[in-house]
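What the coordinates show
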Amino acid sequence: MITQSTPRIGIILGSTREGRFGETPAKWIRDLASKRTDLNFEAIDLRDYPLPFFEEQMSPLFAPPQNAVAQRWAAKLATLDGFIVVTPEYNHSMSAVLKNALDYAYAQFNRKPIGFVGYGGVGAARSIEHLRMVAVELQMAPVRFAVHVGMVEFLGIWQQGKSFDDFPHLEQSATAMLDDISWWARALKSARGAQS
Ligand SMILES: Cc1cc2nc3c(=O)[nH]c(=O)nc-3n(C[C@H](O)[C@H](O)[C@H](O)COP(=O)(O)O)c2cc1C
């Protein structure tokens, strides 16, 4: 049952470009997630946070950003207990717009879980591994399970009229990832509450 104490998870879409494929997996994971009663979800589109390339005088680790969009971004992140990032792979890593958004906050990410839905030639595996390393520096808990929408599924859905329903193993991966996020979000929310 969803109550006021149910952890809130932001589903961040990590591509902002015109014609992005990312909207399709983002909608799929949102629809799957919305069937759950153990977590609350909110879609977060980086297009709604048009951050400049990082230009603050200090890292957000040491001082809150001056930029108004960055302050709005941090305020949104602060309301969330965990994250699912829907990520493309650009040159074997995350998109620049996603890395920039991660660089623009710090404390608001700390001690919260993060899971991934990646798409691309190898299911964005390289991008997700890089994201896990960045997440650790932001003091997050990257979860083990992830969804990798690989070449066959990616091209099938993008260009051959197929849908996620044609690839049931993806839903299995999503369920494992969401279960993992649920456990960590609950444990860390409780531990953060005990600390404050
Ligand atoms: C700059 C750039 C670099 C890319 N590099 C990779 C890559 O390393 N691996 C991969 O699987 N796909 C790569 N691609 C193809 C993307 O998987 C594909 O364009 C995908 O649609 C990008 O996600 P988006 O449409 O949501 O932005 C690249 C695309 C761009 C624009």
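Only a predicted model underlies this, so the values are computations on that prediction, with no experimental measurement involved.

**Digging into the overall build of the protein chain**
Each helix and strand in the protein chain was counted, giving 6 helices and 6 strands. Its helices and strands in sequence order give the protein chain the pattern β-α-β-α-β-α-β-α-β-β-α-α, from N to C terminus. Taken against the 2.2 N^0.38 rule, which gives 16 Å for 196 residues, the C-alpha radius of gyration of the protein chain at 16 Å falls within 12% of a compact globule. Looking at the protein chain as shown, the accessible area adds up to about 9800 Å², and 54% of this sits on carbon and sulfur atoms. Side-chain charges in the protein chain split into 20 positive and 20 negative, and the spacing between the mean points of these groups amounts to 3 Å.

**Re the site of the ligand**
Neighbouring the ligand are 15 residues; Ser15, Arg17, Tyr90, Asn91 and Tyr119 lie closest to it. Here an oxygen atom of the ligand and a side-chain polar atom of Ser15 are 2.7 Å apart. The separation between an oxygen atom of the ligand and a polar main-chain atom of His92 is 2.8 Å. Of the residues contributing to the shell around the ligand, the split by class is 5 nonpolar, 6 polar and 4 charged.

**Describing helix α3 (residues 96–103)**
Along α3, the residues classified as buried are Leu98, Asn100, Ala101 and Leu102. On its buried face, α3 sits against β1 (8–13), α2 (68–78), β3 (82–87) and α4 (125–137).

**Examining the packing of helix α1 (residues 23–33) against helix α6 (residues 168–195)**
With their axes 11 Å apart at the nearest point, α1 and α6 run at an angle of 60° to one another. The orientation of α1 with respect to α6, classified from their angle, is oblique. Here α1 and α6 pass one another in a crossing that is right-handed. Between α1, through Trp28, Ile29, Leu32 and Ala33, and α6, the contact on the second element is made entirely by Leu170, Glu171, Ala174, Met177 and Leu178. Along the lines of polarity and charge, the residues of the contact of α1 with α6 split into 8 nonpolar, no polar and 1 charged.

**As for a nonpolar patch on the surface**
On the surface, a nonpolar cluster with roughly 330 Å² of combined accessible area is contributed by Met58, Leu61 and Phe62. Its location among the elements puts Leu61 in the loop between β2 (40–45) and α2.

**Examining helix α5 (residues 151–159)**
Every buried residue of α5 is accounted for by Glu153, Phe154, Gly156 and Ile157. Summarising the axial view, the buried residues of α5 lie within an arc of 170°, below the 170-degree limit, and thus occupy one face. Structural note: α5 exposes Val152 and Gln159 on the side pointing more than 90 degrees away from its buried face. The secondary structure elements touched by the buried residues of α5 are α1, β4 (113–119), β6 (147–149) and α6.

What counts and how
- In this convention, every chain numbers its residues from 1, walking through the sequence in written order.
- Given that the model is predicted, a residue must reach a pLDDT of at least 70 before its local features are reported, and side-chain atom pairs must reach 80 or more before they are shown or counted; all residues, however, enter totals for whole chains, interfaces and linings.
- Only heavy atoms go into the side-chain values, all of them from the structure, while hydrogens and water stay out.
- Starting at the N terminus, helices and strands are each numbered in turn, a helix being any DSSP run of H or I of at least four residues and a strand any DSSP run of E of at least two.
- In this setup the radius of gyration rests on C-alpha atoms only. A globule is expected at 2.2 Å times the number of residues raised to 0.38.
- The method behind every accessible area is Shrake-Rupley, applied with a 1.4 Å probe, and residues are considered shielded solely by the protein chains displayed.
- When charges are counted, Lys and Arg contribute as positive and Asp and Glu as negative, whereas His and the chain ends are disregarded.
- We put the charge of a Lys on NZ, of an Arg on CZ, of an Asp on CG and of a Glu on CD.
- We call a residue near a molecule or strand when any one of its heavy atoms sits within 4 Å of it.
- Counting of polar contacts relies on pairs of N or O atoms within 3.5 Å, with two restrictions inside protein: one atom must be capable of donating a hydrogen and the other of accepting it, and residues adjacent in sequence are counted only when both atoms are side-chain atoms.
- Gly is placed with the polar residues, together with every amino acid not listed as nonpolar (Ala, Val, Leu, Ile, Met, Phe, Trp, Tyr, Cys and Pro) or charged (Asp, Glu, Lys and Arg).
- Note on classification: 1.4 Å probe, protein chains only; a residue is buried when its accessible area is under 20% of the maximum for its type, exposed when over 50%, partly exposed between these limits.
- Any two residues whose heavy atoms approach within 4.5 Å at even a single point are treated as in contact.
- Axis definition: a line fitted to C-alpha atoms, limited for helices to the stretch in contact. Angles are taken between N-to-C directions and run from 0 to 180 degrees.
- Throughout this description, any angle smaller than 35 degrees is read as roughly parallel, any larger than 145 degrees as roughly antiparallel, any in the 65 to 115 degree range as roughly perpendicular, and the remainder as oblique.
- Crossing handedness: left-handed means the near helix sits turned counterclockwise from the far one by under a right angle, and right-handed means the same turn made clockwise.
- What goes into a patch is any residue over 30% in relative accessible area without a salt bridge, connected to like charges within 9 Å or, for nonpolar side chains (Val, Leu, Ile, Met, Phe, Trp, Tyr), within 5 Å.
- A carboxyl oxygen of Asp or Glu within 4 Å of a side-chain nitrogen of Lys or Arg is what we treat as a salt bridge.
- Throughout, the arc means the angular range of directions from the helix axis out to the C-beta atoms.

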